[in-house]
Amino acid sequence: MSRNISVIGLGHVGLCTAVCLADRPNKVKAFEIDESKMKLIGEGVSPFYEPQLEMLLRKTIREGNLQVISGIEKAILGSDISFVTVGTPILPDGKLDTSFIRACGEQIGKALQKKESFHLIVVKSTVVPGSTERVVKPILERHSGKKAGTDFGLVFNPEFLREGSAIHDILHPSRIIIGEYDEHSGETLETFYEEFHRERIQVLRTNLATAEMIKYASNALLATKISFINEMANICERLSERVDVVEVAQAIGMDPRIGPHFLQAGLGWGGSCFPKDITALITFSEKMGYNPRILEAVVLVNLEQTKRAVDIVKEEMGNLKGKKISILGLSFKPNTDDVRNAPSLRIIERLIHEGAEVCVYDPAALNNTRRVFGTKIKYFPSLAECIDNADSCILVTEWEEFKKLSPEDYIRSMRNPFLFDGRRIYKADEFSARIKFLAVGLSKMRSKT
Ligand code: UDX
């Protein structure tokens, strides 16, 4: 059954949600406050890189199922369900900036005043527990003159999509969490998802604040797993016996109580979600008088992990002044051009500070990195040009393209073949037999065999 839906806020979550909804095929009206972004999207161009997104955007616009609309009122009046996916960035003091969601709540409220039929508001923007009920609901009620749970519906429905596989994650979610203000609202969204998904999906219905907390707890635990395995990697690196964190992770992951996922040691986590959400959760807890020690350690280990990459290169090469260091991979993970809080940025900053000549390459994120560092570093359009004559290479992001390289590719190009594998994509024995090779979580003993 085709439904009339609106999506408000076309960032990563909003735009990917809008195209998936429109492709199934619902009639979707999408609104974005940034006019230049809205214009691009209307022309079928995605403002950011995400596999499959642009193809689906063009298709759904062409088929008439996705319409970019220039006002929240039109979006609300032309739909029965609205997904609110506006940004909730973090303020310098660690609190969430709810100004966008409050402003949009006001507009939605005013539009609801003119609606006769039942309208369901689905908040997807990440907000700290209690916000949908204490911040969003009063604004909607005040500006609509209507009552939540009677005249309009209200749910909080967190999104767990990963950048780089967003479309897949929306179409095949591991679970759907519906935080409901009232039973009818929850039921309406559950029925909608039952129709939308072509497979059986686990749905868990809770109250609003529990669903808000689930989103934070989920990201916090994933980041904890990564910082944990990175800590194990740091211990492995210091052992004089042959120990490799990759083997350790594989073995502990076989225990169903632990699970194999999110145990890849590397140079730390970045992106738009983990850093923001964990900082917000720490600040929120502290405000309530609780000091979340595990979360603080998770953040600290993550920052140290990035610093370590430069420490290791320095230990091997001595003074970095004037040395040509090539950075392979800039985005915070593969298959995205997103460099927000990417480990690469912190590594580059330190290398600049050390006086190194920093050369970078990434299949998708060169332009976004240029916006951060301008002329302070050198950008190369290909991997081969980037590593040519380099004194050392730091592999920061595990793009497929890098996995294909052999030790010979590095030997042929580099002045002084020293490679630090920050994401464990290379076979340690093969590489360390041919070039100077160190890697996260690999004891030096092993790398020198
Ligand atoms: C994350 C959550 O996975 C998603 O559910 C939520 O909705 C948004 O935040 P995303 O930021 O897109 O998604 O990326 P994700 O794949 O989770 O990776 C986050 C970071 O952790 C990346 O920097 C990645 O390189 C790093 N990572 C991930 C590791 O270092 N090791 C791992 O084992 C997994």
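In case you missed it, the structure is sitting above this.
Quick caveat, the model's predicted, so the values are computed rather than measured.

S.K.: Please give an account of the site of the ligand that cites residues and values.
M.R.: Near the ligand, the surroundings consist of 20 residues, among which Phe160, Leu161, Glu163, Gln264 and Lys333 are the closest. One of the backbone N or O atoms of Glu163 is found 2.6 Å from an oxygen atom in the ligand. Leu263 has a polar backbone atom sitting 3.3 Å from an oxygen atom of the ligand. Protein contact buries 93% of the 660 Å² of open area that the ligand shows by itself. Tallied by class, residues from the shell around the ligand come to 10 nonpolar, four polar and six charged.

S.K.: So what's going on with the state of the cysteines? Which residues, and what values?
M.R.: Across all of its chains, the model carries zero disulfides by this definition. Not part of a disulfide, Cys104 finds its nearest cysteine sulfur in Cys273, a span of 18 Å. On the basis of relative accessibility, which here comes to 5%, the residue Cys104 falls in the buried class.

S.K.: Describe the sheet that holds strand β14 (residues 436-439), naming the residues involved and giving the relevant values.
M.R.: A sheet is described by the order of its strands in space; here six strands give the open sequence β11-β10-β9-β12-β13-β14, paired in parallel fashion. Looking at which strands have only one partner, the edges of the open sheet turn out to be β11 (378-379) and β14. In this structure, strand β9 (residues 324-328) lies alongside strand β12 (residues 392-395), joined through four bridges in parallel fashion. Bridge pairing in β12 links Ile325 to Ser392.

S.K.: Can you lay out the environment of Glu357 for me, pointing to particular residues and giving the numbers?
M.R.: Mapped onto the fold, Glu357 is located in strand β10 (residues 357-361). Judged by its relative accessible area of 27%, Glu357 falls in the partly exposed class. Placed 107 residues apart in sequence, Glu357 and Gln250 show a C-alpha to C-alpha distance of 37 Å. With residues near it in sequence (within four places) discarded, Glu357 still touches Gly322, Lys323, Lys324, Ile325 and Lys378. A polar contact of 2.8 Å, which involves the side chain of Glu357, links it to the side chain of Lys378.

S.K.: I'd love a proper account of helix α14 (residues 366-373), names of residues and values included.
M.R.: Residues of α14 that are buried include every one of Leu366, Thr369 and Phe373, and no others. Along the long axis of α14, the arc covered by the buried residues comes to 65°, so they all point the same way. Contacts made by the buried residues of α14 are with α13 (343-353), β10 and β11. Just beyond α14, the residue with positive phi is Gly374, at close to 50°.

S.K.: Describe the environment of Leu10, naming the residues involved and giving the relevant values.
M.R.: Along the chain, Leu10 turns up in the loop between β1 (4-8) and α1 (12-22). Look at Leu10 and you get buried, because its relative accessible area is 0%.

S.K.: Help me get a handle on the packing of aromatic side chains, residues and values and all.
M.R.: Under the defined criterion, the tally for this structure stands at 10 aromatic pairs. Consider the rings of Phe192 and Phe196, whose centres lie 6.1 Å apart with planes at 15°: the pair is stacked. Taken together, the residues span about one helical turn, with Phe192 and Phe196 both in helix α8 (residues 183-196) at a distance of four residues. For the ring pair Tyr361 and Phe402, a centre distance of 6.1 Å and an interplane angle of 70° mean the geometry is edge-to-face.

The rules behind these values
Residues numbered from 1 in each chain as written. Predicted model: local features only at pLDDT ≥ 70, side-chain atom pairs only at ≥ 80, totals over all residues. Heavy atoms only, no water. Near = heavy atom within 4 Å. Polar contact = N/O pair within 3.5 Å; in protein donor to acceptor, adjacent residues only side chain to side chain. Areas by Shrake-Rupley, 256 points an atom, 1.4 Å probe, with all protein chains shown as cover. Nonpolar A, V, L, I, M, F, W, Y, C, P; charged D, E, K, R; others polar. Disulfide = S-S within 2.5 Å. Buried < 20%, exposed > 50% of the residue type's maximum accessible area, 1.4 Å probe, protein only. Pairing = 2+ DSSP bridges. Helix = DSSP H or I, 4+ residues; strand = E, 2+ residues; numbered from the N terminus. Contact = heavy atoms within 4.5 Å. Arc of directions from axis to C-beta. Phe/Tyr/Trp six-rings, centres within 6.5 Å; stacked < 30°, edge-to-face > 60°.

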